[in-house]
Amino acid sequence: MTLKLTYKFTILLSFILFTGSIAQVPFLRTAEIPVPIQENTGFGEFIAGLDLDNDGNPEVYAVNNMKDQGGNELIPRIYKFEKNGELWDSVWGEVIRDIPQQNSWAALTWGDWDKDGKIEIIWGPSNNFSDQNTNPPRILVFEAQGNGSDKIGASSFGFEVPNAKWTITDQDNFELRPIRWLLNDIDNDGDLELIFADRSDNYRFGVVSVSTIPDNGNGSEQWTLEASGQGENLNAATIYDMAVLENNILLIHEDGSVTVIQYSNGSYNNLGNFADMVPGGSWKSASTVDIDGDGKDEVIVGGWSKPFNQIYILKFDSLNTLKSTMIADLTNYITESGRINGGHDAYGDIDGDGNLDFIFGTRGATPNASIIRLEYQGGNITEPQNYITQIIDSLYPSSDQSRFDVVGVANLDDDPELEVLYTNGNQAERIPIVILDLQKSTGTDESILPGKYILEQNYPNPFNPTTTINFALGKSSIVSLKIYNTLGELISTIIHNKFLNAGKYSITFDASELSSGVYVYRLETNKKIVSRKMILQK
């Protein structure tokens, strides 16, 4: 059993017994990937968990972003980071020399587009026109070299250049800004297509195929635009997200509607616009996944515009009509002014319980920089009670309510559990990619060894103003739990010489009346004293 205790400076300690529930375990910040010194903003997108050089070390590929500050942020750059012991080293990077300036929010994905056994990174810097930049390439393909090198792309005069690239259009100064794309064989012809959503009001969407990705980057590839929304009568509301579900492209508009483009019998057909599918629209949060393992995919997506901060499942019914079901409401976690911001493809079985976890970023949330975990518990996927919501991190140093909208899930270390990554590429603070690692729970009460005493790291940490302290007793004991400052002065006694039975305990500590700083919490029993540090950051 788990015994939960709630403590606040101004009230008495109370004990509440919970049965049939599972205590949520904390995530800790275990590493950061810093923004390279030449960047004056941050990362706009990243891909984590690859090993393109086959050296056994996990890799993270990241591209920079533009935030209207001018300077180095205008020049598109791509970086490769590789884990070296406990640190992440920048082992390769390249500049796109034929794009003198970019705009914000590039598209980024990966896969083996030409099926030659070598993975490609597919990047789309957003167009930002100038006299020297009237029709820039909007698709850049860097392929693994396959020789164990840290470099990707084709070698050219001491640099690496894309193996393949395309402008998509032949018109100068033509707004075409893919904000998301993915590889999918939507027409079942055996070849992958690059399917994109365009946030400008011209193409709206596109389906692209390519004949090959040449190793030497000699331009021999042949590009085909198989379909687009240009000239089609589509909903005029801006598209900031998309998904592919079966043979359907779902274009998610900022007004909450979804336009469905279906491939059938050799053509792409507009099935219409479905209103109120994702109230508030979506900012790059949609993932297509088989949530319950029944062999049928669904789309999970978060509402973006305040106050529509709910999470929905989209799927087709037996009549091929798109249906939307709300499965979680984050209002009580990030307030009405908080937005779900980012989270596409950020899912996996993080805790190894056989069920999927979904990670979402936020914008303007309280607490600031909240990172959300939605944990599927099994059962009917459309019933909200089958999900648990948790803020797994927040309050990363930031000057304002920022857009922590670039998130991911990957295995980056030697243990089997997945890690969570997030960053904010839209601020001048040069926020690094933060890596969170799940701290495994001690298991059931029966697994606590006799005589063993466990004091876990508080969660969240840093915190403001509340945090949770978990501890476990291997045998019945007289217990005290106290808070000290770094000078060793006693700040508060939460538990004082109280007899507690063997088991797990959880304390919610409220530090509303304390000032920011480092504090020490100490568990004292008649057999052992254990201490840990925690950070209050207001």
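Residues numbered from 1 in each chain as written. Predicted model: local features only at pLDDT ≥ 70, side-chain atom pairs only at ≥ 80, totals over all residues. Heavy atoms only, no water.

### Let's talk about the sheet that holds strand β24 (residues 310-316)
Operational definition: Being paired, for any two strands, means DSSP has found at least two bridges between them. Each helix is a run of DSSP H or I of at least 4 residues and each strand a run of E of at least 2, with the numbering of both proceeding from the N terminus. Between N-to-C directions, angles span 0 to 180 degrees; the directions come from axes that are lines fitted to C-alpha atoms, helices contributing only their stretch in contact.
Spatial ordering of the open sheet is given by β22-β23-β24-β25, a layout of four strands whose pairing is antiparallel. Edge strands, defined here as strands with exactly one partner in the open sheet, are β22 (287-289) and β25 (322-329). Along the sheet, successive strands turn relative to each other by an average axial angle of 25 degrees, direction set aside. As paired strands, β22 and strand β23 (residues 298-302) are joined by three bridges and run antiparallel to one another. Looking across to β23, one finds that S287 is bridged to I300.

### A closer look at the confidence of the model for the chain
To keep it simple, the criterion reads: Think of pLDDT as the predictor's per-residue confidence, scored from 0 to 100. The contact criterion used is simple: two residues touch if any of their non-hydrogen atoms lie within 4.5 Å.
Taken over all residues, the pLDDT of the chain has a mean of 88, while the share at 70 or more is 92%. Predicted confidence is poor over residues 1-24, with pLDDT under 50, and the contacts of this stretch with residues over four places away or in other chains come to 57 contacts. The low-confidence segment residues 442-448, where pLDDT is below 50, has 15 contacts with residues more than four positions distant or belonging to other chains.

### Things to note about the environment of T325
Put simply, the rule reads: Throughout this description, buried means an accessible area under 20% of the type-specific maximum (1.4 Å probe, protein chains only), exposed means over 50%, and partly exposed covers the range between.
Tracing the sequence through the fold places T325 in strand β25. The exposure class of T325 is partly exposed, given its relative accessible area of 26%. The contact partners of T325, leaving out residues within four places of it in the chain, are I311, Y312, I313 and T382.

### Focus on the sheet that holds strand β41 (residues 517-524)
Strand order in the open sheet formed by four strands is β39-β38-β41-β42, and the pairing between neighbours is antiparallel. Since the sheet does not close on itself, it has two edges, and those belong to β39 (490-500) and β42 (529-536), each with one partner. Each strand axis lies, on average, 15 degrees off the axis of its neighbour in the sheet, ignoring direction. In terms of strand pairing, strand β38 (residues 477-485) meets β41 through six bridges, oriented antiparallel. Along β41, the bridge assignment pairs I483 with Y521.

### Concerning the pairing of strand β8 (residues 107-111)
One face of the sheet, then the other: side chains in a regular strand alternate in exactly this way. Within β8, four of the five residues are buried, which leaves the element mostly enclosed by the surrounding structure. Two strands pair when backbone bridges link them, and β8 and strand β9 (residues 120-124) are joined in this way by five bridges, in the antiparallel orientation. The residue bridging G111 from the neighbouring strand is E120, located in β9.

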